[in-house]
Amino acid sequence: MDITRSSPAPVRVVAVPPEPEPADLTALPEPIAVEPLQPLQPLPATATATATTATTSATATDVRGRRGRPRPRDLLALLRPGQWVKNLAVVPLALLDTHPWGAAAFLRTGWAVLGFTLASALVYVVNDLADRERDRLHPVKRHRPIASGRVSTLAAFVLTGALALALTGWAVAGPAWQWWPTALYLALSLAYSQGLKHVPLVDAFIVATGFVLRLVQGALLIGAQMSEWLALCVFSLCLMLALGKRRHEMTAAGRAHRPALRGYTLAFLDHLVVLVAVLTAVSYVLYLRDDASLAAGASLVTLLSAPCAVFGLARYLQLLLVEEGGGNPVHVLFRDRATLVNAALWAVLVALALLLPQSPA
């Protein structure tokens, strides 16, 4: 064997990659790993309560009001005793034209105040019944007894019937046919509740007319001759307060709460309030000059009382236009110190002018 002969070259082995297998079109793709979602955290109890209060408070409280008996304090609040001061302030004005004053005049004045207190309370309940759905949208009026559900509609209807019976007894027990101002007030108030309250300007004029009817009722029962200047002064003053209340409602809750507010603007109401305030001051001065039963030599007292009246009007305009008050005229006027001091001074001056010996005819 020839060992010098070279051996054959070794065979070189090359690894060939295997051919890829055909894709299985019927196989589902592998799921993609996804981070698990964190569960939603529940809202705090306070937030949940706040979010649901606006939608459930009216229905829940109304159901509560229907289930249980209304509390006496809620029934009394429905009658709005804080507004009865309007009757005490307007009806006795007829005494200004009656001299001398006697026990009979005061008793008849009290009888007139009682009648209009019953009538106005009846109107308040009827209005709250008619406006209960709209009042629930108002930031303040939603707390009224019927709107909040503290007094059910059934209890309010029962209270309405009781007030109507009491008012009928008042009319029958009093002098014959001298209750027509109260009856006219109820008729106007019913028309107001049924639709006239939605008519701009008409709504405020009806409210002011109701106060003139209070004055007429007091004059009828007392037997006094009512002054036209005094009636105009009462009408214009109450119209100013009604317009001021609407201005406050527009600034506090917008026009959606009261449809009649769509016929007003803030500038329009501002002009009207100032115009009616001027009419109030002029009619008051003319009443003092022409019709008031003043004492002899009371011209100085009369002269001093006129600035008090003008200051009272100016102070109300300040509270309404500057301090954005006027939502409740009774609270605004009877809780303001400047107004109370001015009213006390004015009352003293008027009392001096009326109680001093009268000038000979």
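Everything in this summary refers to the structure shown in the same document. (Residues numbered from 1 in each chain as written. Predicted model: local features only at pLDDT ≥ 70, side-chain atom pairs only at ≥ 80, totals over all residues. Heavy atoms only, no water.)

Turning our attention to the overall build of the protein chain. Secondary structure summary: the protein chain contains 14 helices and zero strands in total. Along the protein chain, helices and strands appear, N-terminal first, in the series α-α-α-α-α-α-α-α-α-α-α-α-α-α. When the 361 residues of the protein chain are sorted by exposure, 39% land in the buried category. Considering only residue pairs separated by 6 or more positions, the protein chain has 76% of its internal contacts joining residues 24 or more positions apart. (Helix = DSSP H or I, 4+ residues; strand = E, 2+ residues; numbered from the N terminus. Buried < 20%, exposed > 50% of the residue type's maximum accessible area, 1.4 Å probe, protein only. Contact = heavy atoms within 4.5 Å.)

Here the focus is a nonpolar patch on the surface. Residues Leu 196, Val 199 and Val 202 make up a contiguous nonpolar surface patch of about 180 Å² in total accessible area. Here Leu 196 is to be found in the loop between helix H8 (180-194) and helix H9 (202-222). (Patch = residues over 30% accessible without salt bridge, like charges linked within 9 Å, V, L, I, M, F, W, Y side chains within 5 Å. Areas by Shrake-Rupley, 256 points an atom, 1.4 Å probe, with all protein chains shown as cover. Salt bridge = Lys/Arg side-chain N within 4 Å of Asp/Glu carboxyl O.)

On to H9. Its 21 residues place the ends of H9 30 Å apart at the C-alpha level, agreeing with the 30 Å of an ideal helix rising 1.5 Å per residue. Judged by how many residues are buried, H9 sits mostly within the fold: 16 of 21 residues are covered. Positive phi shows up at Gly 223, right after H9, with a value of about 85°. (Expected span 1.5 Å × (residues − 1).)

Another point: the environment of Leu 93. Mapped onto the fold, Leu 93 is located in the loop between helix H3 (85-90) and helix H4 (103-130). Put simply, Leu 93 and Val 234 are 141 residues apart on the chain and 9.5 Å apart in space, counted from C-alpha to C-alpha. Excluding its chain neighbours within four sequence positions, the residues that come into contact with Leu 93 are Leu 215, Leu 230 and Val 234.

Looking now at the packing of H8 against H9. Taken N-terminus to C-terminus, the directions of H8 and H9 make an angle of 165°; their axes are 8 Å apart at the nearest point. By the angle between their axes, H8 is roughly antiparallel relative to H9. The way H8 lies across H9 gives a crossing that is left-handed. Only Asp 203, Ile 206, Val 207, Thr 209, Gly 210, Leu 213, Arg 214, Val 216, Gln 217 and Leu 220 of H9 make contact with H8, whose side of the interface consists of Trp 180, Pro 181, Thr 182, Leu 184, Tyr 185, Leu 188 and Tyr 192. (Axes fitted to C-alpha atoms, helices over the stretch in contact; angles between N-to-C directions. Parallel < 35°, antiparallel > 145°, perpendicular 65-115°, else oblique. Left-handed = near helix turned anticlockwise from the far one by under 90°.)

This part takes up the packing of aromatic side chains. Each aromatic ring pair is summarised here by two numbers: the centre-to-centre distance and the angle between the ring planes. The full count for this structure, using the stated rule, is six aromatic pairs. With a centroid separation of 6.1 Å and an interplanar angle of 20°, the aromatic rings of Trp 111 and Trp 170 are classed as stacked. Here Trp 111 is found in helix H4, whereas its partner Trp 170 is found in helix H7 (residues 153-173), with 59 residues between them in sequence. Judged by centre distance (6.4 Å) and plane angle (50°), the ring pair of Tyr 284 and Trp 346 falls under tilted. Remark: Trp 346 occurs in helix H14 (residues 337-355) and Tyr 284 occurs in helix H11 (residues 266-290); sequence separation between them is 62 residues. Note on Tyr 284: relative accessible area 10%, which makes it buried. Lying across the ring of Phe 211, Arg 214 places its NZ or CZ 4.5 Å from the centre. (Phe/Tyr/Trp six-rings, centres within 6.5 Å; stacked < 30°, edge-to-face > 60°. Lys NZ or Arg CZ within 6 Å of the ring centre and 35° of its normal.)

What follows deals with the side chain of Thr 182. Its place among the elements puts Thr 182 in helix H8. With residues up to four places along the chain from it excluded, the contact list for Thr 182 reads Gly 115, Phe 116, Ala 119, Leu 167, Trp 170 and Gln 217.

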